[in-house]
Amino acid sequence: MTIRNTNNDSPDQPTNHRPIPKVFFDDLTGAMMRHCISCEQDLLENQSPYFIEKAIKPHLGYQAYATIFEYAMCFKCMDTHKNKISKSSLANINQFFMEHVDVSRRQYLVAHELYDDLDLWMGHCLVTDKHVTAIGECQIYAQCLGDQLVMGDYPYMISSEALDAVVNLLSNETIDEFNKLKDELVGPPAFQDLLKDGPRVLL
Ligand SMILES: [Zn+2]
């Protein structure tokens, strides 16, 4: 028996990196998302760390789904936007997640390096624990670097039911900021359509 050594295909690949799964691809092109929705830099070419957020209506779990909106945003732009969230909103959001998220379960996944079974990471709503097959609409989140998913705090899924609860915790000030952000990010019409119904949180 020989232990397979590092080959040229994966030179020093961190253990928590996996190829980005299709569910996080650009729905329109069927390829990986390429540009930051805010600064429009090429995320694949620049190797800048970024987040992907997608709102979908799952059917039979992730086997089939309709995409409501999707975007990728670099860390830098995400920071800038997060700084606009009021202190009270941020405190409320943190409190909400501390109360509802089973952090030890995520820590277990990391400790045991269970990076190959995506269902363990996003099969259930992070807040309500409902399985994706029992959810009408949800948002999924990923952290990426180039063409790789960076696993640890991400990926996760939050049902729209839980997101509505989060939105209710936001101050008017923060809701105004989200509305401004919505105007600023001239994305695909579907993106604006969804946001006009109320702010969604960049978590
Ligand atoms: Zn950016």
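Analysis parameters
- Residues numbered from 1 in each chain as written.
- Predicted model: local features only at pLDDT ≥ 70, side-chain atom pairs only at ≥ 80, totals over all residues.
- Heavy atoms only, no water.
- Helix = DSSP H or I, 4+ residues; strand = E, 2+ residues; numbered from the N terminus.
- Buried < 20%, exposed > 50% of the residue type's maximum accessible area, 1.4 Å probe, protein only.
- Contact = heavy atoms within 4.5 Å.
- Areas by Shrake-Rupley, 256 points an atom, 1.4 Å probe, with all protein chains shown as cover.
- Phe/Tyr/Trp six-rings, centres within 6.5 Å; stacked < 30°, edge-to-face > 60°.
- Salt bridge = Lys/Arg side-chain N within 4 Å of Asp/Glu carboxyl O.
- Donors = N, O, S within 2.8 Å, 3.2 Å for Na, K, Ca; no water.
- Tetrahedral: all angles 85-135°; square planar, octahedral: opposite > 155°, others 65-115°.
- Pairing = 2+ DSSP bridges.
- Core = buried A, V, L, I, M, F, W, Y, C linked by side-chain atoms within 4.5 Å.

Trainee: What is the right way to read the overall build of the protein from this model?
Mentor: Helices and strands together make up the secondary structure of the protein, namely eight helices and six strands. Listed N to C, the secondary structure of the protein is β-α-β-β-α-α-α-α-β-β-β-α-α-α in terms of helices and strands. Considering the protein as a whole, with its 203 residues, one finds that 46% of them fall into the buried category. Within the protein, counting contacts between residues at least 6 apart in sequence, those at least 24 apart form 68% of the total. Only carbon and sulfur atoms are counted for the fraction: they give 51% of the accessible area of the protein, which is about 11,300 Å².

Trainee: Please clarify how the packing of aromatic side chains should be interpreted in this entry.
Mentor: Two descriptors summarise a pair of aromatic rings, namely the distance from one centre to the other and the angle between the planes of the rings. Scanning all chains against the criterion turns up seven aromatic pairs. Judged by centre distance (4.6 Å) and plane angle (10 degrees), the rings of F51 and F75 are stacked. With a gap of 24 residues between them, F51 in strand β2 (residues 49-59) and F75 in helix α2 (residues 75-82) connect regions that are remote in the sequence. Residue class for F51 comes out buried when judged on its relative accessible area of 13%.

Trainee: Help me out: how do you make sense of the pattern of salt bridges in this one?
Mentor: A side chain with one charge can pair with a side chain of the opposite charge if their charged atoms come near. Applying the stated rule across the entire model yields six salt bridges. E70 is the salt-bridge partner of K54, the closest N and O atoms lying 3.0 Å from each other. A residue pair is termed long-range when its members are at least 10 positions apart, and K54 in strand β2 and E70 in strand β3 (residues 64-74) qualify at 16 residues. Each member of the pair K54 and E70 is classed as buried. The residue K130 makes a salt bridge to E161 at a minimum N-O spacing of 3.1 Å. Taken together, the residues K130 in the loop between α5 (118-122) and β4 (138-145) and E161 in helix α6 (residues 160-167) connect sequence positions 31 residues apart. With a relative accessible area of 46%, E161 lands in the partly exposed category.

Trainee: Whenever I open this one, the coordination of the zinc ion confuses me. Can you help?
Mentor: Tetrahedral coordination by four donors places them ideally at 109.5 degrees to one another around the metal; octahedral coordination by six donors ideally gives 90 or 180 degrees. Within the protein, the zinc ion binds to C36 (SG), C39 (SG), C74 (SG) and C77 (SG); these donor distances fall in the range 2.3 Å. Of note is the zinc ion, whose four donor atoms meet at the metal with angles of 99 to 118 degrees in an arrangement that counts as tetrahedral. Sequence positions of the donors to the zinc ion reduce to the motif C-x2-C-x34-C-x2-C. No difference in accessibility class separates C74 from C77, as the two residues are buried.

Trainee: It is not clear to me how the pairing of β2 should be interpreted in this structure. Could you clarify?
Mentor: On a regular strand, each side chain points to the face opposite its neighbour's, so the side chains alternate between the two faces of the sheet. With respect to burial, β2 is a largely interior element, eight of its 11 residues being buried. The pairing of β2 with β4 spans eight bridges and is classified as antiparallel. Along β4, the bridge assignment pairs K54 with I140.

Trainee: Help me understand the nonpolar core, please; the structure alone is not making it clear to me.
Mentor: In summary, soluble globular proteins display a tendency toward joint burial of nonpolar side chains. Counting residues in each nonpolar core, the largest one holds 54 residues, and the members touching the most others are M157 and I158. Examining the composition of this core, we find that six residues originate from one element, β3, more than from any other. Dropping the residues within four chain positions of it, M157 is found in contact with Y62, M122, G123, H124, C125, L126, K130, V132, I135, C138, Q139 and I140.

From the geometry alone we can't say anything about function, so treat these as descriptive.
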